[in-house]
Amino acid sequence: MCGIVGFTGSRQAAPILLEGLKKLEYRGYDSAGVAVLDNGSISLAKTRGMIKNLCEMTHDGNDIKGCVGIGHTRWATHGVPNDINAHPHLSCDGRFAVVHNGIIENYAQLRDELIAHGIEFKSDTDTEVVAHLLEYYGDEDAKTAVMKTASRLVGSYVLGILCTDGSGRLFAVRESGPLILGIGVGENYFASDVTALIAHTKNVIYLDDGEFAELTPEKITVYDCTGTAITKPVSRVVWDVEAAEKGGYEHFMLKEIMEQPRALKATLEPRVKNGDIVLENFELSDEELKDIDKIVITACGSASYAGQVGRYVIEKLCRIPTQVEVASELRYREPIVDHHTLLIAVSQSGETADTIAAIKECKARGARTMAIVNVVGSTIANLVDHVLYTWAGPEVAVATTKGYTTQVAMLDLLAIYLARRLGRIDDERYAQLLTGLQEMPSKIQRAIDLNGHVQYLAERYYSNQAIYFIGRNLDYAVCMEGALKLKEISYIFAEAYAAGELKHGTIALIDQGSPVVALACYEPLFDKMVSNIEEIKARGAKVLAVALEGDKRIISQADDFILIPKSDPLLTPIAEIIPLQLFAYYVAKANGCDIDKPKNLAKSVTVE
Ligand code: AGP
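Residues numbered from 1 in each chain as written. Predicted model: local features only at pLDDT ≥ 70, side-chain atom pairs only at ≥ 80, totals over all residues. Heavy atoms only, no water.

Novice: What is the right way to read unusual backbone geometry from this model?
Specialist: Trans peptide bonds make up the majority, and among non-glycine residues the majority have a negative phi. Between histidine 87 and the following residue, proline 88, the backbone shows a cis peptide bond with an omega angle of 5°. Looking at the secondary structure, you find proline 88 in the loop between strand S4 (68–74) and strand S5 (89–90). Located in the positive-phi region is serine 176, a residue other than glycine, with phi close to 60°. Note on placement: serine 176 falls in the loop between strand S8 (170–173) and strand S9 (180–183). (Helix = DSSP H or I, 4+ residues; strand = E, 2+ residues; numbered from the N terminus.)

Novice: Looking at this structure, how should I read helix H10 (residues 301–318)?
Specialist: Each α-helix turn comprises 3.6 residues. Residues three or four places apart therefore point the same way. Under the 1.5 Å per step criterion, the end-to-end length of H10 is 25 Å for 18 residues, consistent within 8% with the ideal 26 Å. Every buried residue of H10 is accounted for by Ser302, Ala303, Ser304, Ala306, Gly307, Gln308, Val309, Gly310, Val313, Ile314, Leu317 and Cys318. The first or second residue beyond H10 is arginine 319, which carries a positive phi of 55°. (Expected span 1.5 Å × (residues − 1). Buried < 20%, exposed > 50% of the residue type's maximum accessible area, 1.4 Å probe, protein only.)

Novice: Where do I start with the packing of H10 against helix H18 (residues 474–490) in this structure?
Specialist: Any two packed helices are characterised by how steeply their axes cross, that is the angle between the axes, and by the distance between the axes. As a packed pair, H10 and H18 sit with axes 8 Å apart at the nearest point and diverge in direction by 170°. When the axes of H10 and H18 are compared, the pair comes out roughly antiparallel. Packed against H10, whose contacting residues are Gly301, Ser302, Tyr305, Gln308, Val309, Tyr312 and Val313, the element H18 presents Leu474, Tyr476, Ala477, Val478, Met480, Glu481, Leu484, Lys485 and Glu488 at the interface. When its residues are assigned to classes, the contact of H10 with H18 shows 10 nonpolar, 3 polar and 3 charged. (Axes fitted to C-alpha atoms, helices over the stretch in contact; angles between N-to-C directions. Parallel < 35°, antiparallel > 145°, perpendicular 65-115°, else oblique. Contact = heavy atoms within 4.5 Å. Nonpolar A, V, L, I, M, F, W, Y, C, P; charged D, E, K, R; others polar.)

Novice: Whenever I open this one, the site of the ligand confuses me. Can you help?
Specialist: In the region of the ligand, 14 residues are neighbours, and Ser347, Ser349, Thr352, Val398 and Glu488 sit closest. At a separation of 3.2 Å, an oxygen atom of the ligand approaches a polar backbone atom of serine 302. Between the ligand and serine 349 there is a distance of 2.7 Å, counted from an oxygen atom to a side-chain nitrogen or oxygen. When the free accessible area of the ligand is taken as 410 Å², the share hidden by the protein chains comes to 91%. The set of elements that each furnish at least two residues to the shell around the ligand consists of H10 and H18. Each residue belonging to the shell around the ligand can be placed in one class, and the counts come to 5 nonpolar, 7 polar and 2 charged. (Near = heavy atom within 4 Å. Polar contact = N/O pair within 3.5 Å; in protein donor to acceptor, adjacent residues only side chain to side chain. Areas by Shrake-Rupley, 256 points an atom, 1.4 Å probe, with all protein chains shown as cover.)

Novice: Whenever I open this one, the environment of glycine 182 confuses me. Can you help?
Specialist: In this structure, glycine 182 sits in strand S9. Of the residues examined, glycine 182 reaches a relative accessible area of 0% and is grouped as buried. Between the C-alpha atoms of glycine 182 and valine 234, which are 52 residues apart in sequence, the distance is 9.4 Å. The residues touching glycine 182, leaving out its near neighbours within four places in the chain, are Asn188, Tyr189, Leu197, Thr201, Asn203 and Ile220.

Novice: Would you explain the sheet that holds strand S23 (residues 466–471) in this entry?
Specialist: Strand pairs in the sheet, formed through backbone hydrogen bonds, run parallel or antiparallel to each other. Taken in spatial order, the 5 strands line up as S24-S23-S25-S26-S27 in an open sheet, and their pairing is parallel. Looking at which strands have only one partner, the edges of the open sheet turn out to be strand S24 (493–498) and strand S27 (560–564). For this sheet, the mean inter-axis angle between neighbouring strands, taken without regard to orientation, is 20°. Of the strand pairs in this sheet, S23 and strand S25 (residues 515–519) are connected by 3 bridges, and their pairing is parallel. Counted as the bridge partner of phenylalanine 469 is valine 517 from S25. (Pairing = 2+ DSSP bridges.)

Novice: So what exactly am I meant to see when it comes to the packing of aromatic side chains here?
Specialist: What describes a pair of aromatic rings is the distance from one ring centre to the other and the angle between the planes of the rings. Following the criterion strictly, the structure yields 7 aromatic pairs and no others. Taken together, a centroid distance of 5.6 Å and an interplanar angle of 50° make the contact between phenylalanine 7 and tyrosine 189 tilted. One end of the pair, phenylalanine 7, is in strand S1 (residues 3–8); the other, tyrosine 189, is in strand S10 (residues 188–191), with 182 residues separating them in the sequence. The pair formed by phenylalanine 7 and tyrosine 189 is uniform in burial state, with each residue classed as buried. (Phe/Tyr/Trp six-rings, centres within 6.5 Å; stacked < 30°, edge-to-face > 60°.)

Novice: Which parts of the structure should I look at to understand helix H15 (residues 427–438)?
Specialist: Taking 1.5 Å per residue as the helical rise, H15 with its 12 residues ought to reach 16 Å, and the 16 Å between its terminal C-alpha atoms agrees with that figure. Every buried residue of H15 is accounted for by Tyr430, Leu433, Leu434, Gly436 and Leu437. Buried residues of H15, viewed axially, fall in a sector of 160°; they line one side. In H15, those exposed residues whose orientation departs by more than 90 degrees from the buried face are Asp427 and Glu428. Sitting at the amino-terminal end of H15 is aspartate 426, which places a side-chain oxygen 3.2 Å from the backbone nitrogen of glutamate 428. (Arc of directions from axis to C-beta.)

Novice: Explain the environment of alanine 142 here, please?
Specialist: Mapped onto the secondary structure, alanine 142 falls in helix H5 (residues 142–152). Under the relative-accessibility criterion, alanine 142 is labelled buried at 1%. A sequence separation of 176 residues divides alanine 142 from cysteine 318, and the C-alpha atoms of the two residues are 56 Å apart. Among all residues touching alanine 142, those that are not within four sequence positions of it are Cys163, Asp165, Arg169 and Phe171.

Dropping the structure here:
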């Protein structure tokens, strides 16, 4: 995933572009660059490494003159991170510069075609073919060159294009990736994400796939794929700059952990009115609901682990067979789905390539589709029949926290809603669950208040090379997310394991002092977990237990423990994950890891 920005107006462009790129650095940070039009020619500055390198190289952009330009921060897909492969890329005649997010799947064929026409390539990227195609089609006006170029591309391409003809014109093209236009006064913008725009404007236009826009300081014109001008609604961004900044916390991840009570409230409150659940954009009739004989939840990473929690709750309440399929597997498994299947995609960014592909595969086979996403206007939101937004606000840290808990809450809310409509739960159970869900923001806050205790424990476990997470039923589902959190920001090996499975092999790994995090919050299987803890203690394990306030038996068995507030067993995972998020954060901090930008990772994996 990469980040792109564009500016056209009467102010110097480069400093504005660099500030925008800093807000997009979570999307990729192995190289960065800007291109600015100055007196009819394009000035280019790009370099390997983080954006701060580009800022130092250009004195925060003040060395580059001009009032219209484009910028890019990269997560390499084709061509190693170096100065040459950094974007923007120029056409040979210097008339066009381009930045790109996505993958051009037919770039090799286009490259051969252009080389046959005498074009000399400088980089190893797929993107460079766009710059040369623009030149190839550039004999006519720039808009025609953009349309003809886009018509040759196959794959995902979100493009920002700067051209030397026409005063201050930019073009922005959207295909399979996010692209937002910002409307200013005497200036206009584009960016991959609203966070790069809200310092300047909250009036935005969300482009859809197949559309492109022409931006001048005075006007934005949006066109469909035929080049016909179309009218697009202007949206008002509801959060402010502070919401996208660190707010005084050392890391975005810690800020976003602390934001979870508010994020949960913002997600739930608009959907619970007078003791009833109201789900927007969900028009399935009672007959259509009764017609569903299978639910498939598909996602990647943490979103799939939110799905694992949702699966237990949906099956328990709705009694509909529910399976969780990792999207990168589902897309190639010739899935057995049809119009009796409800596909639920879960994604924070709404741009994860494997999840998009899995949705398309299931849609083509007749499945009804819905999605739980956090980004308005994202590709997945536009792809499905029904979209339910988690109103968590911008999530910048690569390791998701509020994205995950709001996904779990949405799945719980959906399960309660479906169970009620299907008549699988009575009014009393419905009210009980709804009340329990509305209490979760305060339960999360009480779990967050364990921050100091968890930090103390983390500083006793941080030097381990491997840590096991064990649990049963919903606790096991939470183990999966707890293990991933630890792995992705502290680089310590961690594995989630069904506690009942230990004796079938893995317990062979338990030695004197082996650290095991044991989740024992699912009360119906509480006694079984006590036995499992006894088993591993007998073999020397050092057990950190997460249990419920008031528990006596677990804490008598464990070496260390964290007690979270009690809630309905089906809703406990929302609070149970909090200490595991904090544990991972403080272990990573103790190890001096780059918590917000873990190595090898990007916030959203928009390529295969
Ligand atoms: C979670 O901390 C990771 N950043 C990663 O597993 C992420 O959940 C996954 O890539 C899915 O992203 P999405 O929710 O944006 O689709």
